[in-house]
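Letter by letter, the chains look like this.
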Amino acid sequence: MDGGNPNLPVDWGRYRAVLFDLDGVLTATAKIHAICWKRMFDSFLKRWAAERKMSFEPFDSVRDYHEYVDGRLRYDGVRSFLASRGIELPDGSPDDSPERETVCGLGNRKDAMVGEILASERVDVFEGSIRLVRWLRQQGLATAVVSASKNCPAVLRAAGIEDLFDQRIDGHVASDLGLPGKPAPDTYLKAAELLSVPPAEAVVVEDAISGIEAGRNGGFGLVIGVDRQGDAERLAAAGADIVVRDLVELLPESLSQQEA
Ligand SMILES: O=P(O)(O)OC[C@H]1O[C@@H](O)[C@H](O)[C@@H](O)[C@@H]1O
């Protein structure tokens, strides 16, 4: 890529690779996860509270989602939210049935709900994100998807964007390679390694606090936060270098104004 463009908030000429989170950054699937986490946790919490004659405090699909499950591997999300309520369950094992009251059972219960939605509803992409990915590739930068989700391959396929990335690190790859999930930097570092680009020359693009922290922890050259809800401070406080509302803001102006 030649020189820099002084009119852009990012000097793309300084970087060789861009690593994108999936849910909420490339595709509008963060809301599917948040809805299913709430459904699953609320039905669990209701019964848990009733059995103990306690009051039922529902899962907050904004605050609890961002704080405890967003961006994390499935069972890490269950563990971290339950810990926030002082609840400890046995881990169980990944092949636990969704009926089992274990960390894995609850995670699988939520995943069955995600599966139903993915099978019946369209997966929408964020057009601004896809235009940025295409443009970066035209400029010669390498691209990767780095997602905690085991549903990542299905979502990329349903959205028709699987060919836009040189590498993919998803929940399956993390578990096969024994990589800890975000906020540990390992999944992002693995993507950079596979692209043969040092972290300092790679950019991380994230909408989750855990993901921004992973980018920071990995020593990446730039960490971009995507905030679609008007709460940029949350991502800046987690360590994002810049926060945008939509990735279209990072395209040269002439391109950002064109029709998708
Ligand atoms: O359960 P999955 O599909 O493997 O996804 C794990 C996590 O993937 C992340 O991308 C989402 O932000 C989380 O909400 C989700 O829990």
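Above this text you will find the structure in question.
Scope of this entry: the structure provided in the associated data block. (Residues numbered from 1 in each chain as written. Predicted model: local features only at pLDDT ≥ 70, side-chain atom pairs only at ≥ 80, totals over all residues. Heavy atoms only, no water.)

Let us now look at the pattern of salt bridges. In the structure shown here, the tally under the stated rule is 21 salt bridges. For Glu201, the salt bridge identified is with Arg16, shortest N-O distance 3.2 Å. Residue Glu201 is found in the loop between helix H8 (186-194) and strand S4 (202-206), and its partner Arg16 is found in the segment before strand S1 (17-20); the two are separated by 185 residues along the sequence. Exposure remark for Arg16: the relative accessible area of 41% places this residue in the partly exposed category. (Salt bridge = Lys/Arg side-chain N within 4 Å of Asp/Glu carboxyl O. Helix = DSSP H or I, 4+ residues; strand = E, 2+ residues; numbered from the N terminus. Buried < 20%, exposed > 50% of the residue type's maximum accessible area, 1.4 Å probe, protein only.)

Taken together, 15 residues are adjacent to the ligand, and Asp23, Arg74, Ser149, Lys150 and Asn151 come closest. The contact in question runs from an oxygen atom of the ligand to an N or O atom on the side chain of Asp23, over 2.7 Å. Tyr65 is positioned with one of its side-chain polar atoms (N or O) 2.8 Å from an oxygen atom of the ligand. Contact with the protein chains hides 99% of the accessible area of the ligand, taken as 390 Å² for the molecule alone. Contributing elements (two or more residues each) for the shell around the ligand: helix H1 (30-51) and helix H2 (63-69). Looking at the shell around the ligand residue by residue, the class counts come to four nonpolar, five polar and six charged. Here the shell around the ligand spans two domains, since at least three of its residues come from each of domain 1 (12-29 + 124-256) and domain 2 (31-120). (Near = heavy atom within 4 Å. Polar contact = N/O pair within 3.5 Å; in protein donor to acceptor, adjacent residues only side chain to side chain. Areas by Shrake-Rupley, 256 points an atom, 1.4 Å probe, with all protein chains shown as cover. Nonpolar A, V, L, I, M, F, W, Y, C, P; charged D, E, K, R; others polar. Domains from an automatic or database assignment.)

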